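For reference, the chains in residue letters:
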Amino acid sequence: MITDSLVKDFQRLLGADQVFLQEADRLTYAYDAAVLEPVLPALVVRPKSTELLGRVVQMCNDNNLPVTVRGAGTNLSGGTIPRPGGVVVLTNALNHILEINEGDLYAVVQPGVITAKLAQAVEARGLFYPPDPGSMAVSTLGGNVAENAGGLRGLKYGVTLDYVMGLTFFSAAGETVKTGSRTVKCVTGYNLTGLLVGSEGTLGVISEIILKLIPLPQARKAMMATFANVAAASETVAAIIAHRIVPATLEFLDNFTIRTVEDYSHAGLPVEAAALLLIEVDGHPAVVAEEAEKVEAICRQQGATEVHTAKDDAERDRVWSARRAALSALAKLKPTVVLEDATVPRSKIPAMVRAIEEISTRFALPIGTFGHAGDGNLHPTILTDRRNEEEWHRVEAAIDAIFDAALGFGGTLSGEHGIGMAKARFMEKEVGPGTILYSKRIKAALDPKNILNPGKGIGA
Amino acid sequence: MSSIKELARLMKELEDQLVVCMRCGLCQAVCPLFAETGREADVARGKLALLDGLAQEILKNPQGVQDHLNRCLLCGSCAANCPSGVKVLDIFLKARAILAGYMGLSPWKKIIFRSFLSKPDWFNRVLAWGARFQGIFIKPVDDLLGSSCSRFMSPLLADRHFKPLAPVPWHQQVRELDTPAGAANLTVAFFVGCLIDKIFPQVGEAVLAVLEHHGVGVHLPAGQGCCGIPALSSGDTRTFRDLVRHNLKLLDDPAHPCDYLITACATCSSTIRKLWPLMMQEAGPAEQERIAALAARTLDISQFLVDKVGVTPASAAAGEEGRITVTYHDPCHLKKSLGVAVQPRILLKANPQYVLKEMAESDWCCGCGGSFNLQHYETSAAIGKRKMKNIARSHCQVVATGCPACMLHITDMLSQAKMRVMVKHAVEIYAEALTRTARPGWEGGSPHDRQLGGRE
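Residues numbered from 1 in each chain as written. Chains lettered and ligands numbered in written order. Predicted model: local features only at pLDDT ≥ 70, side-chain atom pairs only at ≥ 80, totals over all residues.

### Structural notes on the overall build of chain B
Then, in step 1: Looking only at helices and strands, one finds 23 helices and eleven strands in chain B.
Then, in step 2: For a compact globule of 456 residues, the expected C-alpha radius of gyration is about 23 Å, and chain B comes in at 22 Å, within 12% of that figure.
Then, in step 3: Each principal axis of the C-alpha distribution contributes one length, and for chain B these read about 70 × 50 × 45 Å.
Then, in step 4: Pairs at least 24 residues apart make up 78% of the contacts formed inside chain B by residues separated by at least 6 positions. (Helix = DSSP H or I, 4+ residues; strand = E, 2+ residues; numbered from the N terminus. Rg over C-alpha atoms; globule rule 2.2 N^0.38 Å. Contact = placed C-beta atoms within 7 Å.)

Encoded structure:
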């Protein structure tokens, strides 16, 4: 329980203007981008130094207050929705890039640094931080690490986890914990980095992140291939990889999405096409030229009705504008957008797309599917109106069916959005009771008072 | 004060628009206010959640919501970049009206809007007295920028370096005008707007010079009032409607049919074009139709000159040497609200004496926001400093824009930073090119000592 004296303690510690007590202020930290009901926190605080962040965690632990750490609040699984009576801790005042090391290829950042700002800062020095979640213009790196965020470049470059070299974080009791280092190799102690990445704020509060950087690819080439059926598009993906080419991005749009984007942006997309593949290769200019040629040939062999290669940056931009517009265009059709991220092995994409089409018909719901064909991470996007109770029941049933289909194909519930509150109840289906029990024991050992983002990630 | 249930019912009328927000949070990337404060209640997503909270009766304190809702520049950056197409400004203006109706208008706003703004004639007379006696209270600080500051400690003026009232307002220089269409075979009605009338009459002068040059007939009716945005943004729909009706009578006059209505103020343009039809829905069908028709033919001066008259860039002078460097600030109400960004730049390029150099973040809000500047000056200035720094980094001699409100705030920011950069309206720069050829020897000069002569 938050008492007046505790509020005063927080105000003394952080400054009165960094403690939000008013109902209206608190309501603006009651939600994130998931389609879930808001939960009003009792208090919202914004520490302006890592030391203060640690003190806040300690105070919450001492007073049995649930803590939900929040960056930009963009996650899609309810991971930043607080507990009733809990404390929301904002990291957006901890927004300094502490170091960009060009010799050793790493950056050290505070958790509140915005993903795109780091990407720009390193790019200005000819370096590259590849993870590019859709919300990167506003999302924070702390949030990316806590959710193990993905993005469009997963196939070639991996996800956030692949770039975290080390972390400093606070335990539930407020002790400082260090893991990993500034070195490429480090086997000192448990791999706590692996434990923390994707833990959704349930095992520690991150205060500093060491991120791996790589050289910026010198050249890139984008192309758009049109297909008359989904299977041909999917087999093309497999064929490209079988030819030992790993594109930086390999994106898929289904017919429903193509038509919606075209209605919205009049970019001249082929509205009759069953599927579009948007492909980009990058690297050394000579390699890029050769690979682009090969990819184009493979697309044609696999039955693409049309392949268009962008000749310059303006054309490249036009290719990608179709993908960028996908979610916006779909979102404008209906008031509520449910963006799923069930993921299947690459080879199962045609089966998964068919299953989603069948689910769309069965539950009479419009579903647009687009996403990262290269890594099997599709985004079936259900368009609905959450105020329509009857329809909402069908949406929930459709989500269940999508998860069942993905698991049936040997896939997973979530490729990049996380479990949070939204998918916690499905966890056991995928991983079995033993895994849940094991995870709960870890949680109980590391956070005995269960104050760190309780209820998230490991199933109620 | 009526019951909170009643307020929730009123808010529910906005529900169809409120549910469109999917809480993605991408508005954080473009909100100038959020960039300064980092507070969710300052960004569109937070405010929409608050209005939703009132509609769903989660919130019990409407005052808190009103306070947050008023902390907004109404720049429209969020709406222009919203993936779901939430009509943020429509929602905010309607919500401000609902909340002002429910909570009552603050006494000082009531006096300003109902006793002055809604009575254009009286408003003009009061300000004319102000212009005569302002020298007692303020002193000039920068001759190039023409800015002044308070002589004494003043809670109202604070640290501002503001533009003083023009010694002779525009409506006294050119009371009314009716010229026939010439070469262009077009006639326009000219809506002047308060800031051009009372602070920047030289912009009005430039508009007339340009229109005359191109043979455009001008209908400038006497007795024009404010476009209504200050009242509307405070939720005072009554004053807003009075002003719309007052102006409509003058501007849509069957005795003076016009092809277009033009303004040289981004905010007036977007108010007439977008908000007049939106917020006059309680009017009868005939009146609504008139408003809609007038709104549809309302154009910003640069839009009119480029799209309708056919002004094009001058053939490029060789090199940059000897030319005046100018950078351009995109007013939110031109670029984000009306999509007008190319045309003002063409006006600048149409003057061969100038060379346009883009500043970084040219469409980042200057921080003025009209009433926002009066109520939240510190934040307004913090946002303005970012603009000032971008202007400084462009190393230009002149900053041009298309909105007198931006001109005021940018002048304040530059003057406080002791930066010797002139602030001009794009149409002034274009007019300079024409006057040079039409009236040799006239160099533009300082706008303050220029008189129109003979027009009245």
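Right, picking up where we left off after that structure.
### As for helix α4 (residues 44–55) of chain B
Then, in step 1: Over its twelve residues, α4(B) runs 16 Å from end to end, which matches the ideal 16 Å to within 8%, given 1.5 Å per residue.
Then, in step 2: Taking burial as the measure, the twelve residues of α4(B) include twelve buried ones, the bulk of the element.
Then, in step 3: Every buried residue of α4(B) is accounted for by A44(B), R45(B), G46(B), K47(B), L48(B), A49(B), L50(B), L51(B), D52(B), G53(B), L54(B) and A55(B).
Then, in step 4: Of the surrounding elements, those touching the buried residues of α4(B) are α2 (23–27) of chain A together with α1 (4–12), α2 (15–18), α5 (62–70), α6 (77–81) and α7 (88–103) of chain B.
Then, in step 5: Looking one or two places after α4(B), you find E57(B), whose phi comes out positive at around 60°. (Expected span 1.5 Å × (residues − 1). Buried ≥ 20, exposed ≤ 12 C-beta atoms within 10 Å, placed from the backbone.)

### Quick word on the sheet that holds strand β8 (residues 164–170) of chain A
Residues and elements named next belong to chain A.
Then, in step 1: In spatial order, the strands read β5-β6-β10-β8-β9; together these five strands make up an open sheet with antiparallel pairing. The sheet is open, and its two borders are formed by β5 (97–101) and β9 (176–180), each paired with just one other strand. Pairwise comparison of adjacent strand axes, ignoring direction, gives a mean angle of 10° for this sheet.
Then, in step 2: Where β8 lies against strand β10 (residues 205–212), six bridges are found, and the strand directions are antiparallel. Each residue of the ladder has a partner; that of V164, found in β10, is L211.
Then, in step 3: Each of β5 and β6 (106–109) touches helix α4 (residues 115–123); the most contacted strand, β5, lies at about 35° to it. (Pairing = 2+ DSSP bridges. Axes fitted to C-alpha atoms, helices over the stretch in contact; angles between N-to-C directions.)

### Comments concerning the interface of chain B and chain A
Then, in step 1: Chain B puts 26 residues into the contact, and the matching count from chain A is 26 residues.
Then, in step 2: At the level of elements, α4 and α5 of chain B are the ones that each hand at least two residues to the side of chain B that touches chain A.
Then, in step 3: Among the elements that line the side of chain B that touches chain A, the one with the most residues is α4(B), at four residues.
Then, in step 4: The class makeup of the residues in the side of chain B that touches chain A is 13 nonpolar, ten polar and three charged. (Nonpolar A, V, L, I, M, F, W, Y, C, P; charged D, E, K, R; others polar.)

### Here's the deal with the domain arrangement of chain B
All names here are of chain B.
Then, in step 1: Taken as a whole, chain B is organised into domain 1 (4–104), domain 2 (170–309) and domain 3 (324–449).
Then, in step 2: Look at where the C-alpha atoms of domain 1 and domain 3 centre, and you get two points 30 Å apart.
Then, in step 3: The interface of domain 1 with domain 3 comprises eleven residues on the first partner and 13 residues on the second.
Then, in step 4: Contributing elements (two or more residues each) for the side of domain 1 that touches domain 3: α3 (32–37) and α6.
Then, in step 5: The dominant element in the side of domain 1 that touches domain 3, judged by the number of residues it contributes, is α3, at three residues.
Then, in step 6: Counted by class, the side of domain 1 that touches domain 3 contains six nonpolar, three polar and two charged residues. (Domains from an automatic or database assignment.)

### Description of the pairing of strand β8 (residues 324–328) of chain B
All names here are of chain B.
Then, in step 1: One ladder, built from three bridges, connects β8 with strand β9 (residues 354–356); its direction is parallel. From the neighbouring strand, T325 faces β9, where its bridge partner is V355.
Then, in step 2: Judged from the three bridges that link them, β8 and strand β10 (residues 398–401) form a sheet pairing that is parallel. Its bridge partner lying in β10, V326 is registered against V398.

### As for the nonpolar core
Then, in step 1: Counting residues in each nonpolar core, the largest one holds 265 residues, and the members touching the most others are V45(A), L211(A), L277(A), L51(B), V188(B), V207(B) and V427(B).
Then, in step 2: Residue contributions to this core peak at ten residues, all from α7(B).
Then, in step 3: Apart from the residues lying within four places of it in its own chain, the contact partners of V427(B) are V203(B), A206(B), V207(B), V210(B), A264(B), I301(B), S302(B) and L347(B). (Core = buried A, V, L, I, M, F, W, Y, C linked by C-beta atoms within 7 Å.)

### Things to note about the domain arrangement of chain A
All names here are of chain A.
Then, in step 1: In terms of domains, chain A is made up of domain 1 (4–90), domain 2 (97–215), domain 3 (217–324) and domain 4 (334–417).
Then, in step 2: The C-alpha-based centres of domain 2 and domain 3 are spaced at 30 Å.
Then, in step 3: With six residues of domain 2 at the contact, the number on the domain 3 side is seven residues.
Then, in step 4: For the side of domain 2 that touches domain 3, the element with the highest residue contribution is helix α6 (residues 154–157), accounting for three residues.
Then, in step 5: Considering only residue class, the side of domain 2 that touches domain 3 consists of four nonpolar, no polar and two charged.

### A closer look at the environment of P277(B)
Residue and element names in this part refer to chain B.
Then, in step 1: Tracing the backbone through its elements, the reader meets P277 in helix α15 (residues 266–279).
Then, in step 2: P277 sits 189 residues away from V88 along the chain, and the two C-alpha atoms are 16 Å apart.
Then, in step 3: Ignoring sequence-local partners within four residues, the contact set of P277 consists of I291, A292 and A295.

### Regarding the sheet that holds strand β11 (residues 422–425) of chain B
Residues and elements named next belong to chain B.
Then, in step 1: The strand order across the open sheet built from four strands is β9-β8-β10-β11, with neighbouring strands paired in parallel fashion. Bordering the open sheet on either side are β9 and β11, each of which pairs with just one other strand. Looking at each pair of strands side by side, their axes are set apart by 35° on average, direction ignored.

### Some words on the packing of α15(B) against helix α16 (residues 285–296) of chain B
Residue and element names in this part refer to chain B.
Then, in step 1: Where α15 contacts α16, the two axes come as close as 8 Å, and the packing angle between them is 160°. Between α15 and α16, the angle falls in the class roughly antiparallel. Helix-helix and strand crossings are classified by hand; for α15 and α16 the assignment is left-handed. Note on element contacts: α16 touches α15 through I291, A292 and A295, opposite I272, R273, W276 and P277.
Then, in step 2: Class assignment for the residues of the contact of α15 with α16 results in six nonpolar, no polar and one charged. (Parallel < 35°, antiparallel > 145°, perpendicular 65-115°, else oblique. Left-handed = near helix turned anticlockwise from the far one by under 90°.)

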